[in-house]
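# Geometric and topological summary
Spelled out from the first residue to the last, the chains are:
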Amino acid sequence: MRGRGPPPPPSPFGGVIVAGVDEVGRGCLFGPVWAAAVILKAEAFDRLPALGVTDSKALSAKRRQALLPEIHSHCLSYGLGQASAACIDAVGIRAATELAMCRALQRLCPSPDHVLVDGSLPLRPWPGSQETVVAGDSHCLAIACASILAKEGRDALLQRLDQRWPGYGLASHKGYGTKAHRTALLQWGPTPLHRLSFLAPELKGGSPAGASSGNLE
């Protein structure tokens, strides 16, 4: 049983609890796809736009990091979810992305009455009310906040994984298919966290990096 606490602040949506959800890392060759879901407090709709909150891709890493505590303090609730590279290979990127989004939404408390989903594709497994918002990370504050939380969460993970597999440049390209990343794959082969279904045949060769190998010197 949840303990009694102060009532949630009023919603700008007429009492309906609305969450925004977004993903990051969908097009990467390495690592999980991440998602974040956000329910904002009413005062966030004045404060956060004034601070420059927008699509995470339009912000520098330094600016995103500076905005994190502001976003956290203006959330009624937020949740993170992910789906692994193995999951992506098994079920495909769309289903894996939906799984990450649903995991993020399931961590929200209270559960949202309505979900705003970034993009044009509906979140098929979500049983509740939802709507898609094209370019939502630029036009919807809750989705913009979710995009920043997802981006910063995944980037922090890639920074840590770069120490385990330093030869791939994960800290710089964050798993995307840059020239440097492809060159490393040609030399070393994929790690256990590469998405094999995303790799061209020539990138699946090389000397595969083992699950316990963190030194490619």
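Here is a short report on the structure shown in this document. (Residues numbered from 1 in each chain as written. Predicted model: local features only at pLDDT ≥ 70, side-chain atom pairs only at ≥ 80, totals over all residues. Heavy atoms only, no water.)

Next up on the list: the overall build of the protein chain. The secondary structure content of the protein chain amounts to eight helices and five strands. Written out in order from the N terminus, the α and β elements of the protein chain read β-β-α-α-β-α-α-β-β-α-α-α-α. With 217 residues in all, the protein chain has 46% of them scored as buried. In the protein chain, the proportion of contacts linking residues at least 24 apart, taken out of those at least 6 apart, comes to 64%. A total accessible area of about 10,500 Å² is found for the protein chain, and carbon and sulfur atoms account for 56% of it. (Helix = DSSP H or I, 4+ residues; strand = E, 2+ residues; numbered from the N terminus. Buried < 20%, exposed > 50% of the residue type's maximum accessible area, 1.4 Å probe, protein only. Contact = heavy atoms within 4.5 Å. Areas by Shrake-Rupley, 256 points an atom, 1.4 Å probe, with all protein chains shown as cover.)

Our next topic: the packing of aromatic side chains. Following the criterion strictly, the structure yields one aromatic pair and no others. The cationic tip of Arg195 hangs over the ring face of Phe198; the distance from NZ or CZ to the ring centre is 5.2 Å. (Phe/Tyr/Trp six-rings, centres within 6.5 Å; stacked < 30°, edge-to-face > 60°. Lys NZ or Arg CZ within 6 Å of the ring centre and 35° of its normal.)

Our next topic: the pattern of salt bridges. A complete count under the given rule lists eight salt bridges for this structure. Close ionic contact of Asp137 with Lys57 constitutes a salt bridge, the shortest N to O distance being 3.0 Å. With Asp137 in helix H5 (residues 136-139) and Lys57 in the loop between helix H1 (44-51) and helix H2 (61-73), this residue pair connects regions lying 80 residues apart in the sequence. A residue is classified by how much of its surface remains accessible, and Lys57, at 66% relative accessible area, is exposed. Its salt-bridge partner being Glu98, residue Arg94 comes within 3.5 Å of it at the nearest N-O pair. With a gap of four residues between them, Arg94 and Glu98 both fall in helix H4 (residues 93-106), about one helical turn apart. Judged by relative accessible area, which is 25%, Arg94 ranks as partly exposed. Three or more residues joined by partner-sharing salt bridges are found here, namely Arg64, Lys151, Glu152 and Asp155. (Salt bridge = Lys/Arg side-chain N within 4 Å of Asp/Glu carboxyl O.)

Among the structural elements, Gly92 can be located in the loop between helix H3 (85-91) and H4. Residue Gly92 is classed as partly exposed on the basis of its relative accessible area of 27%.

Moving on, we get to the environment of Ala37. In this fold, Ala37 is placed in strand S2 (residues 33-40). Looking at Ala37, the relative accessible area reads 0%, which means it is buried. C-alpha separation for the pair Ala37 and Gly20, spaced 17 residues apart in sequence, amounts to 5.5 Å.

Looking along the chain, the bond that leaves Cys109 and enters Pro110 is cis, with omega of 10°. Among the structural elements, Pro110 can be located in the loop between H4 and strand S4 (114-118). With a phi angle near 55°, Ala135 is a residue other than glycine that sits in the positive phi range. Non-glycine residue Lys174 carries a positive phi angle of around 60°. Structurally, the position occupied by Lys174 is in the loop between helix H7 (170-173) and helix H8 (179-188).

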